[in-house]
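# Commentary on secondary and tertiary structure
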Amino acid sequence: MNCQARGGNLASVRSFDEYHFIQGIILKQTQMYPPTWIGGSDAEQEGTWLWSDGSRFTYLNWCQGEPNNQRGDQHCSVMNFSGKSRTLPAEKPLTKYSVQKEPSIQEAVPEAQPDVMAVGASMEDDDGHTVQRSSTCPSGWLQHYNHCFLFVGIPMRWADAEMNCQARGGRLASVHSFDEYYTIQGMILRQTGMYPSTWLGGSDAQQERTWLWIDGSYYNYGYWCPGEPNNQYGNQHCLVMNFGDQKRWDDLQCYYQRPFVCSKTLESCLG
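Residues numbered from 1 in each chain as written. Predicted model: local features only at pLDDT ≥ 70, side-chain atom pairs only at ≥ 80, totals over all residues. Heavy atoms only, no water.

### Overview of the side chain of E44
For E44, the position within the fold is in the loop between β2 (36–41) and β3 (50–51). Look at E44: it is buried, it has no salt bridge, and the nearest opposite charge is R157 at 12 Å. Here S203 takes part through its side chain, which lies 2.6 Å from a polar atom of the side chain of E44. Within polar-contact distance, the side chain of E44 engages the side chain of Q206 at 3.2 Å. (Helix = DSSP H or I, 4+ residues; strand = E, 2+ residues; numbered from the N terminus. Buried < 20%, exposed > 50% of the residue type's maximum accessible area, 1.4 Å probe, protein only. Lys, Arg positive; Asp, Glu negative; His and termini not counted. Salt bridge = Lys/Arg side-chain N within 4 Å of Asp/Glu carboxyl O. Polar contact = N/O pair within 3.5 Å; in protein donor to acceptor, adjacent residues only side chain to side chain.)

### Brief notes about the environment of C63
Residue position: C63 is located in the loop between β3 and β4 (76–81). When the C-alpha positions of C63 and M79 are compared, they lie 9.6 Å apart, and in sequence the two are 16 residues distant.

### Points about the state of the cysteines
Each disulfide consists of one covalent bond between the sulfur atoms belonging to two cysteines. Within the structure shown, the criterion is met by three disulfides. At a sulfur-sulfur separation of 2.0 Å, the disulfide partner of C165 is C262. Residues C165 and C262 share a disulfide whose torsion about the S-S bond is about -85°; that sign makes it left-handed. Placement of C165 in helix α3 (residues 158–167) and of C262 in strand β16 (residues 258–265) is noted, with a sequence separation of 97 residues between them. Comparing C165 with C262 shows no difference in burial state: the two are buried. Here C238 connects covalently by a disulfide to C254, the sulfurs 2.0 Å from one another. (Disulfide = S-S within 2.5 Å.)

### Some remarks on the pairing of strand β12 (residues 198–203)
Most of β12 is tucked away, with six of its six residues classed as buried. Side-chain alternation along β12 places T198, L200 and G202 on one buried face and W199, G201 and S203 on a second face that is also buried. Across two bridges, the pairing between β12 and strand β13 (residues 212–213) is antiparallel. Residue S203 lies in a different strand from β13, and its bridge partner there is L212. (Pairing = 2+ DSSP bridges.)

In structure tokens form, the structure reads like this:
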């Protein structure tokens, strides 16, 4: 939340050079290598590591024998443990040090299946090559302002659903207004003829009652059913929509299998 208030997210790390660069920043400021939070977590599903800024988990730099989930409550990634990364419980008091990244365009990732994109204005990439920016969403995705949404009707666990969205070039959807929520509901209703319980990208698995969106966007809107979220049974940490008679939000066990909604921005649709 502190990083988001500064306009960034807890840092993801995607190469040794990037890790070494971050270590250098910390060393210059502290003259040591203190244990420091970065944005990795497997709190939603043991062994499935995700970055809180929504980028893909493609680089590993664990200490030998890590991550080991010692005592069963180590679900957040800390760096500078014997010079590398390891896991710690989310409540471990490392609040003095954290690493944040300013928002940036993430590297391109392959789609789960080919999509046909409408072509808009041309632009140049960093190498001077001409590319085309999409003016509409890929085939099968629904456009709402500058976001594209996709309903995937295959039930999956929350973390598996997020990985599936990432493979499609998106992330589990965040919702920031009633208008956006109503648009997503309508998309699902048109495709299914009903209101199935469906995963969105919200989670408080890292810290109870601190809800975060997996795409790294700021959590500034809620549409919970009355009495929710209640963390029934002490293990309901993932956000599901279309719950109850009012078809609002509920917190649910992350290992339940549900269909889900992916989202990506028009700016990410480059061809």
